[in-house]
Amino acid sequence: MTTLEGFLIALAKTVVIFLGVVNVAALMTLAERKFSAWMQYRIGPNRVGPYGLLQPLADGVKFIFKEELTPAGANRFMFRAAPILAALPSMMTIAVIPFAPDIVIGGKNFGALTIADLDIGILYILALGGLAIYGVILGGWASNSKYSLLGSLRASAQMISYELTLILTILSVVVMSGSLNLREIVEAQSDITRWNAWNVHAMPQFVAFVLFVVATFAETNRHPFDFSECEPELVGGFHTEYSAMKWAMFYIGEYSAMTVMAALTVVLFLGGWSVPFWPDAPWYVGLAAMLAKTGCFLFLFLWVRWTLPRFRFDQLMRLGWKVFLPLALLNLVVTGAVVSLR
Amino acid sequence: MVIVKRKELSLAEKLYLPEVLRGLSVTFRKMFEPKVTRQYPEEPLPKTEVTRGQPRLVVNEDDAIACVSCGLCEAACPAYAITIDGGETDRAIEREPKRFDIDMLRCILCGFCEEACPKDAIYMSDELELADYSREALIYDIEKLKRPKAALQKRIDYVNRINKRWQTPSST
Amino acid sequence: MVKITVNGRVVDADPTKPLIKACHDNDVDVPMYCYHPGLSPVGSCRICQVEVKQGEAPGRVVVACRTQPAEGMVVDTESPKAHATRRECLEFLLKNHPLDCPICDKAGECDLQDFTYEEGQAQGRSHEPRRPLEKRKSLGEVIVLDEERCILCSRCVRFFEEVPKKAQLTVSDLGSRSVISTFMDRPLSGNYQGNIADLCPVGALTLKKFRFQARVWNLVKMASTCVECSRGCSIQVETLRGSDVKRFRPRPNEQVNGWWMCDHGRFAFDHANAAGRLEGARMLEGTQLVQTPIEEALCAVRDALMGSKGGLVVLSPFCTVEEGRALRELAQRHQAEIAYVSPPPSALKDELLHTGDPCPNRRGLEELGIRGEAGETLTARLAAAKVGLIAGERVVELLGPERVRELPGTLALFAFECHPVASRALRAEVGIANHVERTGTVVNVDGIRGPLAAAKPAPRGVRALERHLQDLARLSPRRETAVR
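Basis of the calculations
- Residues numbered from 1 in each chain as written.
- Chains lettered and ligands numbered in written order.
- Predicted model: local features only at pLDDT ≥ 70, side-chain atom pairs only at ≥ 80, totals over all residues.
- Heavy atoms only, no water.
- Helix = DSSP H or I, 4+ residues; strand = E, 2+ residues; numbered from the N terminus.
- Rg over C-alpha atoms; globule rule 2.2 N^0.38 Å.
- Contact = heavy atoms within 4.5 Å.
- Areas by Shrake-Rupley, 256 points an atom, 1.4 Å probe, with all protein chains shown as cover.
- Lys, Arg positive; Asp, Glu negative; His and termini not counted.
- Charge placed at Lys NZ, Arg CZ, Asp CG, Glu CD.
- Domains from an automatic or database assignment.
- Polar contact = N/O pair within 3.5 Å; in protein donor to acceptor, adjacent residues only side chain to side chain.
- Buried < 20%, exposed > 50% of the residue type's maximum accessible area, 1.4 Å probe, protein only.
- Pairing = 2+ DSSP bridges.
- Buried area = accessible area lost by both parts, 1.4 Å probe.
- Salt bridge = Lys/Arg side-chain N within 4 Å of Asp/Glu carboxyl O.
- Axes fitted to C-alpha atoms, helices over the stretch in contact; angles between N-to-C directions.
- Nonpolar A, V, L, I, M, F, W, Y, C, P; charged D, E, K, R; others polar.
- Phe/Tyr/Trp six-rings, centres within 6.5 Å; stacked < 30°, edge-to-face > 60°.
- Lys NZ or Arg CZ within 6 Å of the ring centre and 35° of its normal.

## Some words on the overall build of chain B
Summing up its helical and strand segments, chain B has six helices and six strands in all. Traced from its N-terminal end to its C-terminal end, chain B shows the element sequence α-α-β-α-β-β-α-β-β-α-β-α. The C-alpha radius of gyration computed for chain B amounts to 26 Å, which surpasses the reference 16 Å derived for 172 residues by more than 25%, pointing to a less compact arrangement than a globule. Considering only intrachain contacts with a sequence separation of at least 6, the fraction spanning at least 24 residues in chain B is 70%. Summed over all atoms, the accessible surface of chain B reaches about 11400 Å², with 56% contributed by carbon and sulfur. When the 28 basic and 29 acidic side-chain charges of chain B are each reduced to a single mean position, those positions are 10 Å apart.

## Structural notes on the domain arrangement of chain C
Each assigned domain of chain C is listed with its residue range as follows: domain 1 (2-94) and domain 2 (281-483). The centre of domain 1 of chain C, based on its C-alpha atoms, is set 54 Å off from the matching centre of domain 2 of chain C.

## Considering the side chain of Thr220 of chain A
One can find Thr220 of chain A in the loop between helix H7 (205-219) and helix H8 (231-234). In this structure the side chain of Thr220 of chain A is engaged in a polar contact, spanning 3.4 Å, whose partner is the backbone oxygen of Phe217 of chain A.

## Section: the pairing of strand S1 (residues 55-59) of chain B
Each regular strand shows side chains that alternate between the opposite faces of the sheet. All names here are of chain B. In terms of residue burial, S1 counts as a mostly covered element, since five of its five residues are buried. Taken together, the three bridges between S1 and strand S4 (residues 122-124) define a ladder with antiparallel strand orientation. Looking at S4, one finds that Arg56 is bridged to Tyr123. Bridge analysis of S1 against strand S6 (residues 146-148) gives three bridges, and the strand direction is parallel. Within the sheet, the bridge partner assigned to Val58 lies in S6 and is Arg147.

## Things to note about the interface of chain B and chain A
In this assembly, 18 residues from chain B lie in contact with 16 residues from chain A. Summed over both sides, the interface between chain B and chain A buries roughly 1500 Å², with carbon and sulfur atoms accounting for 68% of that surface. The interface formed by chain B and chain A contains one salt bridge. The partner of Glu42 of chain B in a salt bridge is Arg47 of chain A, and the shortest N-O contact between them spans 2.9 Å.

## As for the side chain of His468 of chain C
In this fold, His468 of chain C is placed in helix H14 (residues 465-475). Not counting residues within four places of it along the chain, the set of residues in contact with His468 of chain C comprises Ile294, Leu298, Phe416, Val430, Gly431, Ile432 and Arg463 of chain C.

## Some words on unusual backbone geometry
A positive phi angle is found at Tyr80 of chain B, which is not glycine, with a value near 50°. Looking at the secondary structure, you find Tyr80 of chain B in the loop between helix H3 (72-76) and strand S2 (82-88). Phi at Asn7 of chain C takes a positive value of approximately 50°, unusual for a residue other than glycine. Looking at the element boundaries, Asn7 of chain C is found in the loop between strand S1 (2-6) and strand S2 (9-13).

## Description of the sheet that holds strand S15 (residues 288-292) of chain C
Residues and elements named next belong to chain C. Judged by pairing direction, the sheet is mixed, and its eight strands sit side by side in the order S15-S14-S21-S20-S19-S16-S17-S18 without closing on themselves. One side of each edge strand has no neighbouring strand; the edge strands of this open sheet are S15 and strand S18 (371-373). Neighbour to neighbour, the strand axes of the sheet diverge by 25° on average, direction disregarded. With five bridges joining them, strand S14 (residues 281-285) and S15 adopt antiparallel strand pairing. Within S15, the position partnered with Leu284 by the bridge is Leu289. Along the sheet face, helix H11 (residues 375-384) touches strand S16 (312-315), strand S17 (337-341), S18, strand S19 (387-391) and strand S20 (412-417) and points at about 145° away from the line of S17.

## Considering the interface of chain B and chain C
Taken residue by residue, the interface counts 28 residues in chain B and 20 residues in chain C. On the surface where chain B and chain C come into contact, there are seven salt bridges. In this structure, Arg211 of chain C engages Glu94 of chain B in a salt bridge whose closest nitrogen and oxygen atoms are separated by 2.7 Å. Across the contact surface, chain B and chain C share eleven residue pairs in polar contact (both at pLDDT 80 or more). For the side of chain B that touches chain C, the secondary-structure elements that each account for two or more residues are H3, S2 and strand S3 (95-103) of chain B. Among the residues making up the side of chain B that touches chain C, the classes are represented as nine nonpolar, ten polar and nine charged.

## Regarding the sheet that holds S6 of chain B
All names here are of chain B. Across the sheet, which stays open at both edges, the three strands sit in the order S4-S1-S6 with mixed pairing between neighbours. Looking along the sheet, the strands with just one partner apiece sit at the ends: S4 and S6. If you compare each strand with its neighbour and ignore which way they point, the axes differ by 50° on average.

## Quick look at the arrangement of the chains
The top pair by number of contacts, from a total of two pairs of chains in contact, is chains B and C. Across all C-alpha pairs, the smallest distance from chain A to chain C is 33 Å, and the two are not in contact.

## Digging into the packing of aromatic side chains
As enumerated under the stated definition, the model contains 24 aromatic pairs over all chains in all. Each ring, one from Phe63 of chain A and one from Trp247 of chain A, has its centre 5.3 Å from the other, and the planes form 45°; the classification is tilted. Of the two residues, Phe63 of chain A sits in helix H2 (residues 55-65) while Trp247 of chain A sits in helix H9 (residues 244-269), which places them 184 residues apart along the sequence. Classification of Phe63 of chain A by relative accessible area gives buried; the value is 16%. Centroid distance Trp259 of chain C to Trp260 of chain C: 6.1 Å. Interplanar angle 55°. Geometry classified as tilted. On the accessibility criterion, Trp260 of chain C (8% relative accessible area) is buried. Members of the aromatic cluster, joined through ring pairs, are Phe35, Trp38, Phe299 and Trp303 of chain A together with Phe28 and Phe32 of chain B. Lying across the ring of Phe63 of chain A, Lys62 of chain A places its NZ or CZ 5.2 Å from the centre. Lying over the aromatic face of Phe210 of chain C, Arg247 of chain C brings its terminal NZ or CZ to 4.3 Å of the ring centre.

## Details of the pattern of salt bridges
Applying the stated criterion across every chain yields a total of 62 salt bridges over all chains. Among the salt bridges present, the one from Glu32 of chain A reaches Arg305 of chain A, with a minimum N-O distance of 3.3 Å. One end of the pair, Glu32 of chain A, is in helix H1 (residues 3-39); the other, Arg305 of chain A, is in helix H10 (residues 283-305), and 273 residues separate them in sequence. A salt bridge links Arg91 of chain B to Glu96 of chain B, with the nearest nitrogen and oxygen atoms 3.0 Å apart. Under the relative-accessibility criterion, Arg91 of chain B is labelled partly exposed at 27%. Through salt bridges with shared partners, one network takes in Glu109, Asp198, Glu238, Arg247, Arg249, Asp263 and Arg266 of chain C.

Have a look at this one:
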C-alpha cells in the first residue's frame, strides 16, 4: 500500500463518517419531532417532502436566512466562538469510533471503518468530550444575560459531576478489555460464542452499563438532565440569546454528541459490530449491526426525553455524587477483583 | 392546617429505574395509537350555525346594504375595530355607510356588533380564515365586508331563534 | 325672591321666572321639550309636569314651565303621580314619533331619547300606524325638516318670533295634520337659522352641513370662542377622530351670546379644516423654497431682524393676546415697528350678535398698544421697509394676496402663516397652528375675555405661533447685549 493510497483511503473514510454523522444529526431533529408527535397522538411534520423527510433541509434554509442578533454588552468574539466550540469537539470525537471491522472489497483489505485507529482512543474521547462544555459555558457567559449565565453555570456543575461517573464506568470496561483502543475493546467482545461476550452482560458490567447510559444523558444535556436549557426556568438557558445559524450550531453539537455517545455505548458495552450467533459475519453485516445498535440508543435518547419529567437540580447533584459515584467506584473494585481472579 | 401524608414508596419505586421503565413502556405503546391531528387546509374545521367567524355586512335582496351607519357596533366594539362614516342616499332609508372599515387584526370575533345592531345588518359569518401580506390589506372596507343575505341566512335564523326566547312584542 | 320647597329642600326662587327654572337652578332634573330658558314658556309639550303638594293648587300636577313659584310652595318632582303623568305624556308624544334613532343625527343628544330611556318606555300600546309625513323637507339653505319626527314643541317658531324678532315659521294645519312650516313655503332667511337645529329637542330640524356627518358620541367637544367677529361668542368645537371639525355650536354665556350664535360663525369651520397647510418651515435657496428645519428658519428671522433697524412686524387680528404680547416684545427687542391689519367692517353687522368687525381680538391688541392699519397702508409700509415679518392666521388674506405677491424683492419678508405664502419678497415661512389647534385668549368688543381651546392636533410639524416666538426669544440676544 503506497502512502498516497493510504491517504486516499483515510480521506474516503473521513468523508463517509463525517457526512454520516452530520446527516444523522440532521435527521435526529426530524426524528425528535416525529417521535414526540407520535407519543402525543399527533402526526408531526409531514409537509416538506414525503413524510416530512426534507424538514431538516427546510429548517436549515430557515436558519441560514434568519436574522442574527447579538445582545448589547455581549462579548462579541466569545459570543461567536461559543457555537463553534460546542459543535466541534463532538464532531472530532467521532474520529476514533470504529464502525465496522476490516473492510474487504474484492479481496483487498482497507482496514477498519474508523478515521483514526488510536491506541489511546478512549483518552482522546474523554479529552475532547470535556472540551464540549466550553462552548456552553462561554456561550452563556458571553451573552451578557442572566438566564444564559445560570444555564451555563448549571451545565458546568452537571458535567463535572457526571464526567466522573462516566470515566469510572469506562475504566471498568478498560479493565475488562485490557486496552484503551476502541477497536480492540470491540474485538475483545466479539467472541460471540460465549454467552457473556458483550460487556453489558459480562459480570459485573451491567451496573456500569446503566450508570454509563444515565451519565451520557447528563453529559449531552439531554432530558431529564437538560438543566442548562430548562425552558420553564431559564427561558432557553445558555442559548437564550442565540439565533439563526449560531443557534443551529449548538443544536448540531447536541445531536452529534448524542450520536457519538450512542456509538460509544455500543462500542463499549454492546460489542460494536459483532453480530450475535454469527461469529464470522462479513464486514457490511457488522456495519449494519453497529448502525442498528446505535440507532436503538439514539431512539432511547428521544424516548426518554418525551417520557420523563425534568429533575430538580439538587436531585441531579445528589444522584450524581451520592449514588452514581459510589456505585461506579464499587463497580470498578469488583471488576478489578473479577479480572484478577479470572 | 392541612397535613399531606406522602405515600410510602416501595423499594421498586425508590430504585426509580423500574418506574422509569414503566413510564417508557407507556409512551412506547402510545406511539401506535390513532392520531388526533387535523390536517387543516385539507380538512377544514366543521362549521355550524353557532360558528362565530368574522363579522360581515348584510346586503338585502334589493341590492341595498342593510346598514344605516348608526354607529352602534362602532360604540359596542370592545376592540375599537370598527370605523364608520355615514352619508345620505336617495332611498327611503336616508342614510347608508360611505365608509365601513373593520380592522380584522383588531377584531376579536366577540359578536357584540351583531348584538348591538338595530337593523340586523351585521352578522358573524362562518368565515374564519384571515391571512395577507400587509396590515393594510387586513383592514377590510365595505366592499370586502358585503355579503348577500342568503349567504348569512343560517346565522340570521339562529340569532333570531335565540332572541325569540326573551323577546316581547313591541310597537316598533 | 320667595322660598319654596323642592323635593324636601327649601330653595330660593324668582317669582317672575317659571318653576322649572327654580328646579333646574337647584340641580333638580325636570324634563323639558317646549321650554327653553332663552324663550318664553308655552306649556305645549306637558312633559315638565310636577306635583304641587302645597300652594295654589294642592295635590295637583301642574306644568312647571307655566307655574310661577309662590311663597311656601311645596313641589315634588319625583312623586308617583308626577311620574305617571309624565309617562302618559311621553307615550302620547311617542305615538307618532318614528323609531328613527339609528338614522337620526340627534340620537345621543336627543331629549326625547334620553327621557324615554330613563322612563323605560320600551313598549307602546298603540297599534295604529304612525302618521306618514314628509321626511326630507328643505327649509332653505341651512335646515332640513323631518316632519315625522317633530313633536310640535314650537321652540323654533318662538325662536324666530323672539330672538331675531322676525317670525318665519308657524304651526300650520290642524290636529294630527299639524306640521311646522314657513309662511307661503318660502325658504328661511337670515343669519340665525342654524340655532333652530340646536333648539329642536328631537331630530326634526337638522343642519344640512352636519347631516349624517358623524355620530354625536364620537365627537370630541372643547369649549372655545368664535373668532369670526369681534363679538367672540362662546362656542363648543366638535371634532371627529382628532381630525376634522364637524361643527361649532353655541355655549350658553349670558354675558356674550346667550344661547345663540350666527350662521356665519357656525359654518366657519371650513377655515379650520382647510387642506394645503404649511407644514414645518421653508426657506428661499436660490430661487426655490425648500423645506428646512424650523430652527434654521427662526435663526434666519433673528439674523434679519438684528441686522436692520426699522423692520416692520405685521400681525393678524386673529393673534391672541399672548401672541400679541410676544410679538410686541420681539419688535421692541429689535427696534422694529409693529401694527396689525385692520380690515374694513363687513356687511353682516346686525342688532343681535354680529358686530360686523372681522377682527376677533381687536380690543386685546389695542390694549397691548398695537395699532391697527388698513391692508393697503401696511403693504405700502412693508414695500418701503428692509425687513418685514408677517405673523398670524389669515394675515396674507387680510393684507390682500395680490399686494403681498407684488411686494418688491428689496424687502426681506418672513412669514408665520397657516398656509404657504406667495410673494416675491418671501425669504422664509413657518407653519403655525390655527384657532382650533392652539390655546390662547381673545378679548371681545365689550372687553370680555374668551379662551381658545386646542380642540384638535395641528398637522405634523406644525406648532403654535407662541412656541415659535418663545424659541425666537431664546435665540435672540437681549436688547442690552445687542447694544453693547
